[in-house]
Each structure stands twice: as C-alpha cells, then as structure tokens.
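Read off the chains here:
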Amino acid sequence: MDMKRVKDYLYWLYYQYQLVTCSYVLEPWEQSMFHTITVTVLAMVLYTAYVFVPIHVRLALEFFSQIFGFQSESTV
C-alpha cells in the first residue's frame, strides 16, 4: 500500500472528524482541550465496556440457560 495514500486517507478521516464535531471553528487551545476531553471519554467508555460487558454476557447466559433447562459446565 502506498504511504502517500494512507497519509491522505488519515488526513481525510481527521478532516471528517473536525467537520462532524465542528471543532475546526475553535481556537487552537480550545481544539486541544476538546480533543483531550473527547479522547478521555472514549477511553473511559472502551475500558468500561471491556471490564463490564463480559460479566453481563456471562450472567445473561447463565440466567437463560437456567430458564431453558440447560446445565452449566460447573454443575456437571
């Protein structure tokens, strides 16, 4: 893959991000604050999903397996 095309594509994605969030109208210090807050919130959401979603999926599977009469592996 051509590195220039990758660079242009990443620049285009960043430009789309700026258009969607309207951050291109902010001053540079406001942009840096906005990007910092956005990245922080996104990291928190991803971490929370990584920690809690598997637990809830496991509990839901155990619940539905008890409802439908399947035995779990720990009781065999």
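Where an unreviewed UniProt entry is consulted, the protein chain appears under the name Serine palmitoyltransferase small subunit B, with the organism given as Elachura formosa. The UniProt entry for the protein chain carries this comment under Sequence similarities (unreviewed entry): "Belongs to the SPTSS family. SPTSSB subfamily." The UniProt entry for the protein chain carries the following comment under Subcellular location (unreviewed entry): "Endoplasmic reticulum membrane".

1. Focus: the packing of aromatic side chains
Under the definition given, this model contains four aromatic pairs. For the pair Tyr14 and Tyr17, a centre-to-centre distance of 6.2 Å together with 35 degrees between the ring planes defines the contact as tilted. Of this pair, Tyr14 and Tyr17 both sit in helix 1 (residues 3-21), three residues apart, which is roughly one turn of the helix. Judged by its relative accessible area of 26%, Tyr17 is partly exposed. Here the aromatic rings of Phe64 and Phe68 are separated by 6.5 Å at their centres, their planes lie at 20 degrees, and the arrangement is stacked. Judged by its relative accessible area of 44%, Phe64 falls in the partly exposed class. Within the aromatic cluster, the residues linked to one another by ring pairs are Phe63, Phe64 and Phe68.

Definitions and limits used
- Here, residues in each chain are numbered from 1, in the same order as that chain's written sequence.
- Only residues with pLDDT of at least 70 get local features here, since the model is predicted, and only at 80 or more are side-chain atom pairs given and counted; chain-wide, interface and lining totals rely on the full set of residues.
- Excluding hydrogens and water, the side-chain figures rest on all heavy atoms present in the structure.
- UniProt positions are given in the numbering used here, feature names are shortened, and annotations may be inferred rather than shown by experiment.
- Aromatic contacts are taken between Phe, Tyr and Trp rings whose centres are within 6.5 Å, Trp giving its six-membered ring; a plane angle under 30 degrees counts as stacked, one over 60 as edge-to-face, and the others as tilted.
- Secondary structure elements follow DSSP: runs of H or I of four or more residues count as helices, runs of E of two or more count as strands, with numbering from the N terminus.
- The buried label applies to any residue whose accessible area, calculated with a 1.4 Å probe on protein chains only, is under 20% of its type's maximum; exposed applies above 50%, and partly exposed to all values in between.

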